[in-house]
Amino acid sequence: MSSWGDKGAGNPTSMVTVSGTEVGQHLQEISNQTSVSDFLLLGFSAHPERQPLLFGLFLGMCLVTMLGNLLIIMAIGSDQHLHTPMYFFLANLSFVETCFTCTIVPKVLANILTQRHAISHTGCLVQMYFFMALTLLDDFLLAVMAYDRYVAICLPLHYTTIMCPQRCLLLVAASWLCSHLLASSLTLLMPQFSFCASHAIPHFFCDLLPLLKLACSDTQIFQVMMFAEAALSGVVPLTCVLVSYAHIIHTILRVPSAGGKHKVFSTCGSHLSVVTLFYGTLFLVYFQPSSTYSAEIGMVASVVYTMVTAMLNPFIYSLRNRDMKGALWRLFLKKICALSSLQGASLARKSGSFAGYLAALEADTIATMFMWLQL
């Protein structure tokens, strides 16, 4: 007994060596899956024992993100009270977050589930393009929403004139156009680079900086162009957000009552929380030269702004917004009313008029409650 215990506990170095060997063998098996034209999304493959936990975590975040954002879009579309510029921009932001999740998370889940981490060269570039375009679009929409809050709080008498439907559509269309133009300009330059070294990307999706680390071509001009576009698409919208909130805070401080200050600030507190979370992680990853890029820090920060931020946005905007909570509640009651009406019609056909009468009475009661809540 004692000799067995001495053998098991006396050489921790051997245990570390065996563990490292297993990880190395696992990575070697992954590298054998790819051809010369493919990339490998290593991501979290260095920790195979954590794959089930990560799969459940990412799947849960994906479902919550898509359900939350789709509910916001449905609530805004079905409620006449929310057909205003602020909620029009919020619906666009929720749609972008849904597309953002569909661009990254399904491939991550497929890689974890099948343990096949290869992605084609074309597939990698397509994923990178949509990731950049949607990130830039998110950036522009946050700036547009900050401008909307500035006009609503600082220029309330001119709000309906300035934020007319035509101007709102123009701002959203310009955001979509600029984001896709900037993303395509960088994506079209990537095929010119040769990747003569390893094709293993230490990330869970095709991001720009990890791909540049693998290129053996001269990327100096590309990096200058990348930072110029980052300044145009990142610093300029952020400056718009900061200037807008500087005017908003100045206006809030001039409100005499504490209750009035709280009411004014509550209209933009949700947006300010999302802006802080989004820009904090984004600057941590992209505003650094590729030579000092850290894959570990990049992956953690990327999980935050690709999954966590998109998941929290519906909660931030709905839980802190009384109008949004009311719209979600009315949407829920409307679905229950429609379901009860269908069940009443079905019972009337199957089991006679009395059961149908009861079901119709229940549907009428719910409909009355729904109409009362809309008043």
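Residues numbered from 1 in each chain as written. Predicted model: local features only at pLDDT ≥ 70, side-chain atom pairs only at ≥ 80, totals over all residues. Heavy atoms only, no water.

The protein chain appears in an unreviewed UniProt entry as Olfactory receptor 1G1-like from Puma concolor. For the protein chain, the Subcellular location (unreviewed entry) comment in UniProt is given as "Membrane". Turning to the protein chain, the UniProt record has this under Function (unreviewed entry): "Putative odorant or sperm cell receptor." (UniProt positions renumbered as here; feature names shortened; annotations may be inferred.)

## What to know about the overall build of the protein chain
Secondary structure assignment for the protein chain yields 13 helices and three strands. A total of 375 residues make up the protein chain; the buried ones form 45% of that total. For the protein chain, restricting intrachain contacts to residue pairs at least 6 apart in sequence, the fraction spanning at least 24 positions comes to 76%. Of the accessible surface of the protein chain, which amounts to about 19,600 Å², a share of 71% is contributed by carbon and sulfur atoms. (Helix = DSSP H or I, 4+ residues; strand = E, 2+ residues; numbered from the N terminus. Buried < 20%, exposed > 50% of the residue type's maximum accessible area, 1.4 Å probe, protein only. Contact = heavy atoms within 4.5 Å. Areas by Shrake-Rupley, 256 points an atom, 1.4 Å probe, with all protein chains shown as cover.)

## Remarks on helix H5 (residues 121–154)
Across its 34 residues, H5 extends 49 Å between first and last C-alpha, which sits within 8% of the 50 Å expected from 1.5 Å per residue. Among the 34 residues in H5, 26 count as buried, and that is most of the element. (Expected span 1.5 Å × (residues − 1).)

## With respect to the side chain of glutamate 97
Mapped onto the elements, glutamate 97 comes out in helix H4 (residues 85–114). The residues contacting glutamate 97, other than those within four sequence positions of it, are Thr65, Asn69, Asp138, Ala310 and Asn313.

## Some details on the pattern of salt bridges
Under the criterion given, the structure shown has one salt bridge. The partner of arginine 149 in a salt bridge is aspartate 148, and the shortest N-O contact between them spans 2.9 Å. Each member of the pair, arginine 149 as well as aspartate 148, carries the same accessibility label: buried. (Salt bridge = Lys/Arg side-chain N within 4 Å of Asp/Glu carboxyl O.)

## Observations regarding the packing of H5 against helix H9 (residues 220–253)
Axis angle and axis distance: for two packed helices, these are the angle between their axes and the distance between the axes, and together they describe the pair. Where H5 contacts H9, the axes come no closer than 9 Å and their chain directions differ by 20°. In this view, H5 runs roughly parallel relative to H9, as classed from their interaxial angle. Of the two elements, H5 crosses H9, and the hand of that crossing is left-handed. Within the contact between the two elements, H5 uses Leu136, Asp139, Phe140, Leu142, Ala143, Ala146, Tyr147, Arg149, Tyr150, Ile153 and Cys154 and H9 uses Ser233, Gly234, Pro237, Cys240, Val241, Ser244, Tyr245, His247, Ile248 and Thr251. (Axes fitted to C-alpha atoms, helices over the stretch in contact; angles between N-to-C directions. Parallel < 35°, antiparallel > 145°, perpendicular 65-115°, else oblique. Left-handed = near helix turned anticlockwise from the far one by under 90°.)

## Focus: a nonpolar patch on the surface
There is a patch of nonpolar side chains on the surface, built from Val64, Leu312 and Phe315 and spanning about 220 Å² of accessible area. Locating leucine 312 in the fold gives a position in helix H11 (residues 295–319). (Patch = residues over 30% accessible without salt bridge, like charges linked within 9 Å, V, L, I, M, F, W, Y side chains within 5 Å.)

## Some thoughts on the environment of serine 120
Mapped onto the secondary structure, serine 120 falls in strand S2 (residues 118–120). The partly exposed category is assigned to serine 120, whose relative accessible area is 36%. Side-chain polar atoms of serine 120 contact the backbone nitrogen of glycine 123, separated by 3.0 Å. (Polar contact = N/O pair within 3.5 Å; in protein donor to acceptor, adjacent residues only side chain to side chain.)

## Digging into the nonpolar core
Within the largest apolar cluster, 86 residues are counted, with the highest numbers of intra-cluster contacts made by Phe58, Met190 and Phe204. No other element matches H5, which puts 18 residues into this core. Not counting the four nearest positions on each side in its chain, phenylalanine 58 is found in contact with Phe44, Val105, Val108, Leu109, Ile112, Val303 and Met307. (Core = buried A, V, L, I, M, F, W, Y, C linked by side-chain atoms within 4.5 Å.)

## Regarding the packing of aromatic side chains
Following the criterion strictly, the structure yields eight aromatic pairs and no others. Look at phenylalanine 131 and phenylalanine 205: their rings are 4.7 Å apart centre to centre, the planes differ by 55°, and that puts the pair in the tilted class. Of the two residues, phenylalanine 131 sits in helix H5 while phenylalanine 205 sits in the loop between strand S3 (200–201) and helix H8 (208–214), which places them 74 residues apart along the sequence. Here phenylalanine 131 and phenylalanine 205 have matching classes, each one buried. (Phe/Tyr/Trp six-rings, centres within 6.5 Å; stacked < 30°, edge-to-face > 60°.)

## Notes on the pairing of strand S1 (residues 38–41)
With burial as the criterion, each face of S1 is covered, one bearing Asp38 and Leu40 and the other bearing Phe39 and Leu41. As paired elements, S1 and S3 share two bridges and run parallel to each other. Note that in S3 the partner of leucine 40 across the bridge is alanine 200. (Pairing = 2+ DSSP bridges.)

## Remarks on H4
The end-to-end C-alpha separation of H4 is 44 Å, in line with the 44 Å expected for 30 residues at 1.5 Å each. With 21 of its 30 residues buried, H4 lies for the most part within the structure. Downstream of H4 by one or two residues, glutamine 115 has phi in the positive range, about 60°.

## Observations concerning the state of the cysteines
For the coordinates displayed, the defined rule picks out one disulfide. At a sulfur-sulfur separation of 2.0 Å, the disulfide partner of cysteine 124 is cysteine 206. Here cysteine 124 and cysteine 206 share a disulfide; its torsion about the S-S bond, -120°, makes the bridge left-handed. Of this pair, cysteine 124 sits in helix H5 while cysteine 206 sits in the loop between S3 and H8; the two residues are 82 residues apart in sequence, bridging distant segments of the chain. Cysteine 124 sits in the buried class, given a relative accessible area of 0%. For the unlinked cysteine cysteine 164, the closest cysteine sulfur is that of cysteine 168, found at 6.7 Å. In this structure cysteine 164 comes out as buried when scored by relative accessible area, which is 19%. (Disulfide = S-S within 2.5 Å.)

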